[in-house]
Amino acid sequence: MIEVLAAALPASIQDFGRPGYRHLGMPLSGALDPEWMRIANALAGNSASAAVLEMRLVGPRLRVHQPLAIGLGGEFSATIEGRDGTRRPAANWCGHQLAPGEILELGNLRSGIGYLAASGGFRVPPVLGSRSTYVRAGIGGLAGRCLVVGDRLDVGPDLPASVQRLGQAPRLDTGPIRVIAGPQAEYFTAAAWSDFLGAEFTVTREADRMGLRLDGSRLEHEPALGTDIVSDAVTPGAIQVPGDGKPIILLADCQTVGGYPKIATVIGADLRRLGHALPGQKIRFAAIGLDDALAARRAAATALEHCLAAMLPAAREFNLDALYGANLIDGVIDAGHAD
Amino acid sequence: MPRLLDLGDGALTLEFGDRIDPALSAKVMASRDALVGEALDGITDVVPTWRSLTVHFDPLRLGRQRLADCLLRCADALMQKSALATRWQIPVCFGGEYGPDLDAVAIATGRSPEAVIETLCATELRVFLLGFLPGFPYLGELPEWLHLPRRATPRGVVPANSLAIAGAQAAIYPWASPGGWHLLGRTPVRLFDLADTGRPALLAPGDNLRFTSIKADSYRQFQVAVAAGELDASHWRLP
């Protein structure tokens, strides 16, 4: 069990999301960056789809009540506090073994979001095939909401023999966000298209798991077609432009249908980058074709496989407290392998 | 002619038109049924709306061209009596605390509250799509004299299970939510049941339903029975 000692900003349990129910109005949800989620799981010795904790900006402070392996997927300033009060830094892109009573302080995130995997996964009951939290309807995760102080999270019980680390931290691309035009491309003037692909946009403070509202050039609708459509389906990555001309990029928790024209849709390979976007960040767009989008998806999948295949056993930390703590409980950890 | 629109590289929309029109909806549902029959590997979600059908898919497992060809074939499918369509009878307690806008709707339309209830219960409604919230049905179409614009000021909280109308449409809120529609009554029927993984949403696009008017004491009896698990979805289904 993991106890939440402090949780300043939204942190929610996520997995690959809840596909198959969008015709019922149920959003997809799931990790904003499924690649980093997979990395975090691999570092902790978990299967790819184990439920993780997704954090934004600042991670919570957690006390571990059982021997536990964790994986840090993200750019945290994390520390582990032993039962004697000594603190040691917890490296990013690395797995760590914790003993009962130790405290994990995840601290500030230099990446917009980050993932904590715990051995065995966060064991909330699956809802419609997924443990992902969808806060708006109070579905999934821990009671359908983000973590609050005092929460107790079930994890485990599986413990890996060792934990892993990445040889090299993964980097997010910094080029323009690539999009496929449409499905309502014709609702926008030539000037709007020129601005959309030529100008820079800024992420506003209205940025959460449902979407990002952008500031920048006002994108004009074709007067003959107007600013509304009879609702049709949307998807994470769809870029809606309401009457005020300010684009909204939809993300994992977006509704299933929407009534604003969509100028373009972010390609699958670039979507996770937007999950990391913070208020004030600048965004540019580039339109590409479907073949290039498919090639980008393949390249991303291959790169992730390479990254996971190149993991190394984590360097051992000489931590008597962890060894004794672990062995005192039930001897699950072999002292010789308490990395 | 229907047209294909790419919604990014992981979704494809078959668009039949850009209006709210039962004839378009019939084509959407027919093509949906035909596509489900094809059972293509790599499709994750099939979402019908008033006027279009969107297929969410994994382009690494299912080629976009293969899906496009299949969708255009399905677009020609004729409306059949859908095997998935069901008829429902949904009890509603109208007016009073459950339907705080009933009197205002009656005044705005120049009819009596009883006439509003009678008309609603006499109209066979169709589920055109689910959206906005999980299990939230867009129902249509209402007789023209009942078409009203949304409330000037939306409510901060519409109670769960409220029956509401706006324009040509009616809806039932499965969850408490902000909303700008006119609240006419409340149903004891549970519209979204997370325990039922086979069919979590009671209603499905293409279904038909009628409302029946019930008194407040019946409403409370139904509510108790639903909470106790004594009335499952089949209780509200018409043969």
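Residues numbered from 1 in each chain as written. Chains lettered and ligands numbered in written order. Predicted model: local features only at pLDDT ≥ 70, side-chain atom pairs only at ≥ 80, totals over all residues. Heavy atoms only, no water.

Help me understand the packing of helix α3 (residues 102-109) of chain B against helix α4 (residues 113-122) of chain B in this model?
When two helices pack together, you describe them by how their axes are tilted relative to each other and by the distance separating the axes. All names here are of chain B. It is at 8 Å that the axes of α3 and α4 come closest, and there the two elements cross at 95°. In terms of orientation, α3 lies roughly perpendicular with respect to α4. From α3, Leu102, Asp103, Val105, Ala106 and Thr109 reach across to α4, where they touch Pro113, Val116 and Ile117. Grouping the amino acids of the contact of α3 with α4 by side-chain chemistry returns 6 nonpolar, 1 polar and 1 charged. (Axes fitted to C-alpha atoms, helices over the stretch in contact; angles between N-to-C directions. Helix = DSSP H or I, 4+ residues; strand = E, 2+ residues; numbered from the N terminus. Parallel < 35°, antiparallel > 145°, perpendicular 65-115°, else oblique. Contact = heavy atoms within 4.5 Å. Nonpolar A, V, L, I, M, F, W, Y, C, P; charged D, E, K, R; others polar.)

What am I meant to see in the domain arrangement of chain B here?
For an interface, size is often stated in terms of accessible area lost upon the parts coming together. Residue and element names in this part refer to chain B. What the domain assignment lists for chain B is domain 1 (3-74) and domain 2 (87-238). Spacing between the C-alpha centres of domain 1 and domain 2 amounts to 29 Å. Facing the 8 residues of domain 1 at the interface are 7 residues of domain 2. Summed over both sides, the interface between domain 1 and domain 2 buries roughly 770 Å², with carbon and sulfur atoms accounting for 67% of that surface. Sorting the residues of domain 1 by area buried against domain 2 places Pro22, Met29 and Trp50 first, and these three jointly supply 57% of that buried surface. At the boundary of domain 1 with domain 2, the tally comes to 0 salt bridges. The tally of links from domain 1 across to domain 2 stands at 0 residue pairs in polar contact (both at pLDDT 80 or more). Per-element accounting of the side of domain 1 that touches domain 2 gives the leading share, 4 residues, to helix α1 (residues 22-38). (Domains from an automatic or database assignment. Buried area = accessible area lost by both parts, 1.4 Å probe. Salt bridge = Lys/Arg side-chain N within 4 Å of Asp/Glu carboxyl O. Polar contact = N/O pair within 3.5 Å; in protein donor to acceptor, adjacent residues only side chain to side chain.)

How do you make sense of the sheet that holds strand β5 (residues 68-73) of chain A when you look at a structure like this?
Across a sheet, paired strands are connected by hydrogen bonds in the backbone, their directions being either parallel or antiparallel. Residues and elements named next belong to chain A. Across the sheet, which stays open at both edges, the 5 strands sit in the order β2-β3-β10-β5-β8 with antiparallel pairing between neighbours. Across the chains shown, the open sheet's two edge strands, defined by having one partner strand only, are β2 (11-14) and β8 (95-98). Put simply, the sheet's adjacent strands are angled 25° from each other on average, direction ignored. Inspection of the sheet shows β2 paired to strand β3 (residues 52-58) by 4 bridges, in the antiparallel sense. Counted as the bridge partner of Ser12 is Glu54 from β3. Across the sheet, helix α1 (residues 34-43) lies against β2, β3, β5, β8 and β10 (108-118), angled at about 50° from β10, the strand it touches most. (Pairing = 2+ DSSP bridges.)

How do you make sense of the pattern of salt bridges when you look at a structure like this?
Pairs may arise between side chains of opposite charge once their charged atoms sit close together. Applying the stated criterion to the full structure yields 36 salt bridges over all chains. Note that Glu75 of chain A is salt-bridged to Arg110 of chain A, the shortest N-O span being 3.9 Å. Here Arg110 of chain A lies in strand β10 and Glu75 of chain A lies in the loop between β5 and β6 (78-81), a separation of 35 residues in the sequence. Salt bridges linked by common partners bring Glu186, Asp232 and Lys262 of chain A together with Arg3, Glu15 and Arg51 of chain B together as one network.

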